[in-house]
Amino acid sequence: MAQAREGSPRAVARLITLVENADPALREVMAALAPHTGHARIIGLTGSPGVGKSTSTSMLVRAYRDQGLRVGVLAVDPTSPFSGGALLGDRIRLAEHATDRGVYMRSMASRGHLGGLSWTTPQALRVLDAAGCDVVLLETVGVGQSEVEVAGLADTTVVLLAPGMGDGVQAAKAGILEIGDVFVVNKADREGADVTVRDIRGMISLGDRTEPGLWRPPVVKTVAERGEGVEEVLEALDKHRAWMEQTGTLRQRRLDRAAREVEAIAVRTLRDRMGDVRAGRGLDELAAQVVDGRTDPYAAAGTLVAEI
Ligand SMILES: Nc1nc2c(ncn2[C@@H]2O[C@H](COP(=O)(O)OP(=O)(O)OP(=O)(O)O)[C@@H](O)[C@H]2O)c(=O)[nH]1
């Protein structure tokens, strides 16, 4: 744990593996980490495959490293059953940071994982936060619901789009307009970038976010491959951060996040105990009573809950 706090990549990796495996040791680990959390800025990046997420992540890592900040990158793929370092390590676009001690990268798969995304990701973020990351970039592959779910885990969510492909319309359909705090139209070297920017701006102003005091998401153009537009992205992120602090939104988002995290752990604990009751044949007995008409399902459920 002390090693993880000093930023030893191996120690951090071990802790995240505990999270992935829902290891019983987590309870103690989390208790020890708690006083060291709350510092990291969590920035979510999402968008359809191929839009340039890893290129943009790499661009942001470089920019934050230039500011002397320690950066964590957590890539979550809700569609993949694979996990561990391999997925991310293979990604050439992030390879330049692989030997940088100030960067910690990890990919996590959540399909088929106990409790799924809502359970593992916040705890992995907590580990990176406690390990001293100033910024954590949370990258997800866009697949509808899990995309929205992951947006709830970040302080600021960046939605990446690319010109053409009717991305603006896609975004509106997928409910992505609601989750974006900052929109980035990447591949601005390609034709149609301005049209996409205009489309998104139009859709945002049609939404309900034009009231005074509400955040109006900026739309920024980038060419991630060449690092163009990174200053504008950083500025948009800083502005959003400042707005969140002024309005109390940051605290509110973190409260919502913690509430969901606690709930997810509680539900898991209850499910485990329910398994114990089942194993002890307590549920069989209740079922028999219901079948025989000796009790009703509501009363039986009440007994079960009380036992749990
Ligand atoms: N023309 C152009 N191509 C870019 C730009 N940024 C990224 N690309 C290219 O787009 C392709 C996809 O980039 P990635 O960063 O791997 O995209 P991704 O969204 O992470 O893709 P997945 O890992 O499949 O989700 C690569 O071939 C990049 O070289 C850009 O600004 N302009």
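Residues numbered from 1 in each chain as written. Predicted model: local features only at pLDDT ≥ 70, side-chain atom pairs only at ≥ 80, totals over all residues. Heavy atoms only, no water.

The protein goes by LAO/AO transport system kinase in an unreviewed UniProt entry, where it is assigned to Barrientosiimonas humi.

Engineer: Please explain the side chain of Thr-121 as it appears in this structure.
Structural biologist: Locating Thr-121 in the fold gives a position in helix α7 (residues 116-130). Leaving out residues up to four positions away in the same chain, Thr-121 has contacts with Leu-74, Val-76, Met-108, Leu-138 and Leu-153. (Helix = DSSP H or I, 4+ residues; strand = E, 2+ residues; numbered from the N terminus. Contact = heavy atoms within 4.5 Å.)

Engineer: Could you clarify how one ought to interpret the site of the ligand in this entry?
Structural biologist: As a matter of local geometry, the ligand sits amid 17 residues, with Lys-53, Ser-54, Thr-55, Asp-189 and Glu-225 nearest to it. At 3.2 Å, a backbone N or O of Val-51 approaches an oxygen atom of the ligand. The contact in question runs from an oxygen atom of the ligand to an N or O atom on the backbone of Ala-224, over 3.0 Å. Protein chains bury 77% of the 660 Å² of accessible surface belonging to the ligand in isolation. Sorting elements by how many residues they give to the shell around the ligand places helix α4 (residues 53-66) first, with three residues. Here the shell around the ligand is built from residues that sort into four nonpolar, six polar and seven charged. (Near = heavy atom within 4 Å. Polar contact = N/O pair within 3.5 Å; in protein donor to acceptor, adjacent residues only side chain to side chain. Areas by Shrake-Rupley, 256 points an atom, 1.4 Å probe, with all protein chains shown as cover. Nonpolar A, V, L, I, M, F, W, Y, C, P; charged D, E, K, R; others polar.)

Engineer: Would you mind showing me how to read empty space enclosed by the protein here?
Structural biologist: Gaps left between atoms are located by rolling a probe of water-molecule size over the structure's atoms. In total, this model carries three cavities of 30 Å³ or more according to the counting rule given. When its volume is computed, the largest cavity comes out at roughly 70 Å³. Lining the largest cavity are Gly-7, Pro-9, Val-12, Arg-70, Val-71, Arg-101, Gly-102, Val-103, Tyr-104, Leu-128, Ala-131 and Cys-133. Within the residue set of the lining of the largest cavity, elements represented by two or more residues are α2 (9-20) and β3 (103-109). (1 Å grid on protein atoms, 1.4 Å probe; cavity = no way out; pocket = protein on both sides within 12 Å on 5 of 7 lines; lining within 4 Å. Points joined across faces, edges and corners; volume = space filled by probe spheres on them.)

Engineer: Please explain the nonpolar core as it appears in this structure.
Structural biologist: Looking at soluble globular proteins, one finds that nonpolar side chains tend to be buried together. The biggest cluster of nonpolar side chains holds 31 residues, and the ones touching the most others in it are Val-12, Ile-16, Leu-74, Val-127 and Leu-128. Of all the elements in the fold, those that place two or more residues in this core are α2, α3 (26-33), β2 (71-77), β3, α7 and β4 (135-141). Those residues in contact with Leu-74 that sit more than four places away from it in its chain are Arg-106, Met-108, Thr-121, Ala-124, Leu-125, Leu-128, Leu-137, Leu-138 and Glu-139. (Core = buried A, V, L, I, M, F, W, Y, C linked by side-chain atoms within 4.5 Å. Buried < 20%, exposed > 50% of the residue type's maximum accessible area, 1.4 Å probe, protein only.)

Engineer: It is not clear to me how the packing of α4 against helix α12 (residues 230-247) should be interpreted in this structure. Could you clarify?
Structural biologist: Two quantities define a packed helix pair, namely the angle between the helix axes and the distance between the axes. Contact pair α4 / α12: the axes reach a minimum separation of 11 Å and the direction vectors enclose 75 degrees. With respect to their mutual orientation, α4 and α12 come out roughly perpendicular. Taken together, the residues of α12 that come into contact with α4 (itself represented by Met-59, Leu-60, Ala-63 and Tyr-64) are Val-230, Val-233, Leu-234 and Leu-237. In the contact of α4 with α12, the residues fall into eight nonpolar, no polar and no charged. (Axes fitted to C-alpha atoms, helices over the stretch in contact; angles between N-to-C directions. Parallel < 35°, antiparallel > 145°, perpendicular 65-115°, else oblique.)

Engineer: Mind showing me how you'd approach the pattern of salt bridges here?
Structural biologist: A side chain with one charge can pair with a side chain of the opposite charge if their charged atoms come near. Following the criterion strictly, the structure yields 14 salt bridges and no others. The salt bridge involving Arg-241 is made with Asp-155; its shortest N-O contact spans 3.9 Å. Here Asp-155 lies in the loop between α8 (145-151) and β5 (156-161) and Arg-241 lies in helix α12, a separation of 86 residues in the sequence. Given the relative accessible area of 16%, Arg-241 is considered buried. Residues Arg-226 and Asp-189 are paired through a salt bridge, measuring 3.8 Å at the closest nitrogen-oxygen approach. Placement of Arg-226 in the loop between β7 (219-221) and α12 and of Asp-189 in the loop between β6 (182-185) and α11 (193-206) is noted, with a sequence separation of 37 residues between them. (Salt bridge = Lys/Arg side-chain N within 4 Å of Asp/Glu carboxyl O.)

Engineer: What exactly am I supposed to notice about the packing of α2 against α3 here?
Structural biologist: The N-to-C vectors of α2 and α3 enclose an angle of 130 degrees; their axes lie 10 Å apart at closest approach. With respect to α3, the axis of α2 lies oblique. Helix-helix and strand crossings are classified by hand; for α2 and α3 the assignment is left-handed. Counting all contacts with α2, which are made through Leu-15, Leu-18 and Val-19, the residues of α3 involved are Leu-26, Val-29, Met-30 and Leu-33. (Left-handed = near helix turned anticlockwise from the far one by under 90°.)

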